[in-house]
Amino acid sequence: MPENWMLPRIFPIGGILFDFLFVLIAIPIEAYLLHYRLKFDKKTSTFYAISINLFSSVIGWFIFFVSEPMLPIQMRAELINYMFFSNFKSPNTQVFLILTAFIIFFATFLMKFFILKGLLLSLNEQLFKKQEEAEAEAPISQRRRWRTFGNLKFQSNNLIITVLIANSLSYSAITLILLFSAK
């Protein structure tokens, strides 16, 4: 940890408000996809979309505020210049920005997937009832175990694909807004 660790004196209010706008755009897109592809009802899909977006946004801002003091001076200057004035001084920064955008996209996708998976496991009361019933029953046949494992694997793949599509569409909408606001 660097010795100059402290809370920032100036918060990027414009960046935080843009992030709030992005969350407001991402929630309906992702809620619709959760409803359409995973067959949740509308209230449940909206709850999950709000939860994963708010949790991933909070985690993202926490990572930003922790990692910003550790950046080299030149990168910090470029980052601060972009956050407050929406422009870059160095032409090499745009290449770094594209690389960072890919990293942020996949990190957000992984965060959203694990948050949704955790919410599904923690809020699913039927899962705990099934486990209690399974322990009370006689040993399950090998064929039934493989069928259950196959269903869980399919549901997990469907969840991964759905979160990836939802994250891609919400990031596409956010990118279009950023392109229109830059003009």
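The structure we're discussing is the one just above.
Presented here is a report on the structure given in the accompanying data block. (Residues numbered from 1 in each chain as written. Predicted model: local features only at pLDDT ≥ 70, side-chain atom pairs only at ≥ 80, totals over all residues. Heavy atoms only, no water.)

1. Some remarks on the overall build of the protein chain
Looking only at helices and strands, the protein chain features six helices and zero strands. Out of the 183 residues belonging to the protein chain, those deemed buried represent 25%. Restricting to contacts in the protein chain with at least 6 residues of sequence separation, those with at least 24 account for 70%. Summing over all exposed atoms, the protein chain offers an accessible surface of approximately 13,400 Å²; the carbon and sulfur share of this is 70%. (Helix = DSSP H or I, 4+ residues; strand = E, 2+ residues; numbered from the N terminus. Buried < 20%, exposed > 50% of the residue type's maximum accessible area, 1.4 Å probe, protein only. Contact = heavy atoms within 4.5 Å. Areas by Shrake-Rupley, 256 points an atom, 1.4 Å probe, with all protein chains shown as cover.)

2. With respect to empty space enclosed by the protein
Tallied over the entire structure, the rule returns one cavity of 30 Å³ or more. Counted as a void, the largest cavity has a volume near 30 Å³. As for the largest cavity, its lining consists of Glu 30, Leu 34, Ile 52, Lys 112, Leu 116, Val 163, Ala 166 and Asn 167. Contributions of two or more residues to the lining of the largest cavity are made by helix 1 (13-38), helix 4 (93-123) and helix 6 (142-182). (1 Å grid on protein atoms, 1.4 Å probe; cavity = no way out; pocket = protein on both sides within 12 Å on 5 of 7 lines; lining within 4 Å. Points joined across faces, edges and corners; volume = space filled by probe spheres on them.)

3. Section: the environment of Leu 123
Within the fold, Leu 123 resides in helix 4. With relative accessibility at 45%, the residue Leu 123 sits in the partly exposed group.

4. Some remarks on the packing of helix 1 against helix 2 (residues 42-67)
Running from N to C, helix 1 and helix 2 cross one another at 145°; their axes reach a closest spacing of 8 Å. You can see that helix 1 and helix 2 cross each other, and the crossing is right-handed. Residues Gly 15, Ile 16, Asp 19, Val 23, Ala 26, Ile 27, Glu 30, Ala 31, Leu 34 and His 35 of helix 1 touch helix 2, and the partners they reach there are Lys 42, Ser 45, Thr 46, Tyr 48, Ala 49, Ile 50, Ile 52, Asn 53, Leu 54, Ser 57 and Trp 61. Split into classes, the residues belonging to the contact of helix 1 with helix 2 amount to 12 nonpolar, six polar and three charged. (Axes fitted to C-alpha atoms, helices over the stretch in contact; angles between N-to-C directions. Left-handed = near helix turned anticlockwise from the far one by under 90°. Nonpolar A, V, L, I, M, F, W, Y, C, P; charged D, E, K, R; others polar.)

Keep in mind that these numbers describe shape and distance, not what the molecule does.
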